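Descriptive analysis of the structure
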Amino acid sequence: MARILLIEDSPTDTAVLTQLLERNGHQVLSSGSGEDGIEVCRRELPDLVLMDVVLPGMNGFQATRALSRDAATSAIPVLIVSTKAMETDRAWGLRQGAKDYIVKPPDEGALIGRINELLGA
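Below you will find a few notes about this structure. The written sequence of each chain sets the order in which its residues are numbered from 1. Two thresholds apply to this predicted model, a pLDDT of at least 70 for residue-level local features and 80 or more for giving and counting side-chain atom pairs, whereas whole-chain, interface and lining totals are computed over all residues. Only hydrogens and water are set aside; all other atoms, that is, all heavy atoms of the structure, feed into the side-chain values.

Structural notes on the overall build of the chain
- A count of helices and strands for the chain gives five helices and five strands.
- The N-to-C order of helical and strand elements in the chain reads β-α-β-α-β-α-β-α-β-α.
- Dimensions of the chain, computed from the C-alpha atoms along their principal axes, are close to 30 × 30 × 30 Å.
- Scored against the burial criterion, the 121 residues of the chain give a buried share of 45%.
- Here the contacts in the chain between residues at least 6 apart in sequence split such that 62% fall between residues at least 24 apart.
- Each accessible area value is a Shrake-Rupley result obtained with a 1.4 Å probe; residue values ignore everything except the protein chains displayed when judging cover. Carbon and sulfur atoms make up 51% of the accessible area of the chain, which totals about 5900 Å².
- Under this rule, positive means Lys or Arg and negative means Asp or Glu; His and the chain ends count for nothing. Charge positions come from single atoms, namely NZ of Lys, CZ of Arg, CG of Asp or CD of Glu. Here the chain carries 12 positive and 17 negative side-chain charges, and the mean point of each set is 6 Å from the other. Strands here are runs of E lasting at least two residues and helices are runs of H or I lasting at least four, both read from the DSSP assignment and numbered beginning at the N terminus. Classification of residues uses two cut-offs on accessible area relative to the type maximum, computed with a 1.4 Å probe and protein chains only: under 20% is buried, over 50% is exposed, and between them is partly exposed. Contact between two residues is taken to exist if any of their heavy atoms lie within 4.5 Å; hydrogens are not considered.

So, in structure tokens, the structure goes:
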């Protein structure tokens, strides 16, 4: 299946999302900050990025914008998964280059379905 980079600072959310993704056949790379996530993304070139918004240092919106504007990573779809549920947050995330915005906690079927759509599976 796909190699997915999870950029998430919560150990609990990282564990839950990693289990969910692995249960559905994906390989998971993880990072706890936006800055580190960008480095990992450039180095590993995953098939897709799951991005939290609330991160230490650079937030997920900034990291999404950096990835979407970098020639090396701009083709990698970013899917924001955040507790920030306002429509303005969703709109801003999409303007930064995210392909979609899902509110935590995600429904497993809906999340995997959207990942598969973005991967063209």
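After that view, the rundown keeps rolling.
Structural notes on the packing of helix 3 (residues 60-69) against helix 4 (residues 87-95)
- Helix 4 packs onto helix 3 with a crossing angle of 25° between their chain directions and a minimal axis gap of 9 Å. What the angle tells us is that helix 3 and helix 4 run roughly parallel. Where helix 3 approaches helix 4, its residues Phe 61, Thr 64 and Arg 65 are matched on the opposing element by Asp 89, Trp 92 and Gly 93.
- Gly is placed with the polar residues, together with every amino acid not listed as nonpolar (Ala, Val, Leu, Ile, Met, Phe, Trp, Tyr, Cys and Pro) or charged (Asp, Glu, Lys and Arg). Class assignment for the residues of the contact of helix 3 with helix 4 results in two nonpolar, two polar and two charged. Lines fitted to C-alpha atoms define the axes, with helix axes restricted to the stretch in contact, and inter-axis angles between N-to-C directions lie between 0 and 180 degrees. Angle categories: roughly parallel below 35 degrees, roughly antiparallel above 145, roughly perpendicular from 65 to 115, and oblique for all the rest.

Things to note about the environment of Ile 102
- Here Ile 102 shows up in strand 5 (residues 100-103).
- Given the relative accessible area of 16%, Ile 102 is considered buried.
- Separated by 82 residues in the primary sequence, Ile 102 and Leu 20 place their C-alpha atoms 15 Å from one another.
- Not counting chain neighbours up to four residues away, the residues in contact with Ile 102 comprise Leu 79, Ile 80, Val 81, Ser 82, Leu 111 and Arg 114.

Considerations on the pairing of strand 2 (residues 27-31)
- As defined by bridge partners, strand 1 (residues 3-7) adjoins strand 2 across five bridges and the pair is classed as parallel. When the bridges of strand 2 are listed, Ile 4 appears paired with Val 28. Strand pairing is defined by DSSP finding a minimum of two bridges between the two strands.

Some remarks on the sheet that holds strand 3 (residues 48-51)
- The sheet built from five strands is open, its strands ordered 2-1-3-4-5 with parallel pairing. Both outer strands of the open sheet, strand 2 and strand 5, are each paired with one neighbouring strand and no more. Within the sheet, the average angular offset between the axes of one strand and its neighbour, ignoring direction, is 20°.
- Along the sheet, helix 2 (residues 34-44) contacts strand 1, strand 2 and strand 3; its crossing angle with strand 1, the most-contacted strand, is approximately 165°.
- Strands in contact with helix 3 are strand 3, strand 4 (78-82) and strand 5; relative to strand 3, the strand with the most contacts, it is inclined by about 160°.

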